[in-house]
Amino acid sequence: DKQRNNTILKVEFHSQFGQSYSDECSEYSFQFDGQECSQPAPIVTSIYKRTSNSNYWGVAPPGEVGGLCNATSRGPLQSGPLSISVHIRNTCPGGSAHTGKGNGWNGKVTSYILVEEYCS
């Protein structure tokens, strides 16, 4: 639960980001109650993989996506229960439409979301 109305949330998603096809682009973004952050900005990262082998599943770099949020298009994030999720889009502008995205690695990597609340 968010504790106060006048605070900002710092969020981070830690994992390994896998892609299964060549020339593929993935976009990872945070959503708050189903909406992307609008203030100070959307929390988004893109990963692009290019190989000469179309069946190559060898790129699963560790990484994180994170940022600060205090409002969505619906308005400021209020105190109380808040659903926070990471969405993986199948394509980015200029990317292929393959669906081989993933995170973690063969059950051996722990993926997690870290949420901290700060006074603004």
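Residues numbered from 1 in each chain as written. Predicted model: local features only at pLDDT ≥ 70, side-chain atom pairs only at ≥ 80, totals over all residues. Heavy atoms only, no water.

Asks: Can you explain the overall build of the protein? Please cite residues and give values.
Replies: Counting its secondary structure elements, the protein contains zero helices and nine strands. Along its sequence from the N terminus, the protein presents helices and strands in the succession β-β-β-β-β-β-β-β-β. Taken across its 120 residues, the protein has 35% of its residues classed as buried. By sequence separation, contacts in the protein at least 24 residues apart represent 80% of the contacts at least 6 residues apart. Summing over all exposed atoms, the protein offers an accessible surface of approximately 6800 Å²; the carbon and sulfur share of this is 46%. (Helix = DSSP H or I, 4+ residues; strand = E, 2+ residues; numbered from the N terminus. Buried < 20%, exposed > 50% of the residue type's maximum accessible area, 1.4 Å probe, protein only. Contact = heavy atoms within 4.5 Å. Areas by Shrake-Rupley, 256 points an atom, 1.4 Å probe, with all protein chains shown as cover.)

Asks: How would you sum up the pattern of salt bridges? Please name residues and give values.
Replies: Following the criterion strictly, the structure yields two salt bridges and no others. Its salt-bridge partner being K10, residue E12 comes within 3.5 Å of it at the nearest N-O pair. Among the residues examined, K10 registers a relative accessible area of 28% and is labelled partly exposed. Its salt-bridge partner being E116, residue K10 comes within 3.9 Å of it at the nearest N-O pair. Taken together, the residues span a long stretch of sequence, with K10 in strand β1 (residues 7–18) and E116 in strand β9 (residues 112–119) at a distance of 106 residues. With relative accessibility at 30%, the residue E116 sits in the partly exposed group. (Salt bridge = Lys/Arg side-chain N within 4 Å of Asp/Glu carboxyl O.)

Asks: Break down the nonpolar core for me, with residues and values.
Replies: Formed by 13 residues in total, the largest nonpolar core has its most connected members in F13, Y28, F30, F32, I43, V65 and C69. Breaking this core down by element, the ones donating at least two residues are β1, β2 (24–32) and β5 (62–72). Per-element accounting of this core gives the leading share, four residues, to β1. Apart from the residues lying within four places of it in its own chain, the contact partners of I43 are V11, Y28, S29, F30, F32, C37, V65, G66, G67, L68 and C69. (Core = buried A, V, L, I, M, F, W, Y, C linked by side-chain atoms within 4.5 Å.)

Asks: How would you sum up unusual backbone geometry? Please name residues and give values.
Replies: Going from Q39 to P40, the amide bond is cis rather than trans, its omega being 5°. Position of P40 among the secondary structure elements: in strand β3 (residues 35–40). The residue D33 is not glycine, and still its phi comes out positive at about 50°. Within the element layout of this structure, D33 appears in the loop between β2 and β3.

Asks: Which residues make up the environment of Y28, and what values go with them?
Replies: You can see Y28 is positioned in strand β2. In sequence terms Y28 and F17 are 11 residues apart; their C-alpha atoms lie 9.4 Å from each other.

Asks: Any chance you could break down the packing of aromatic side chains for me, citing the residues and the numbers?
Replies: Under the criterion given, the structure shown has one aromatic pair. Consider the rings of F30 and F32, whose centres lie 6.4 Å apart with planes at 25°: the pair is stacked. (Phe/Tyr/Trp six-rings, centres within 6.5 Å; stacked < 30°, edge-to-face > 60°.)

Asks: Break down the state of the cysteines for me, citing the residues and quoting the values.
Replies: Going through the model one piece at a time under the given rule, you end up with one disulfide. Here C37 is linked by a disulfide to C69, with a sulfur-sulfur distance of 2.3 Å. Every disulfide takes its handedness from the sign of the S-S torsion; for C37 and C69 that torsion is 110°, giving right-handed. With C37 in strand β3 and C69 in strand β5, this pair connects stretches of sequence that are 32 residues apart. (Disulfide = S-S within 2.5 Å.)

Asks: Go over the side chain of T72, please, and point to the residues and values.
Replies: Note on placement: T72 falls in strand β5. Every residue in contact with T72, bar those within four places of it in the chain, is listed here: F32, Q35, E36, C37, S38 and L77.

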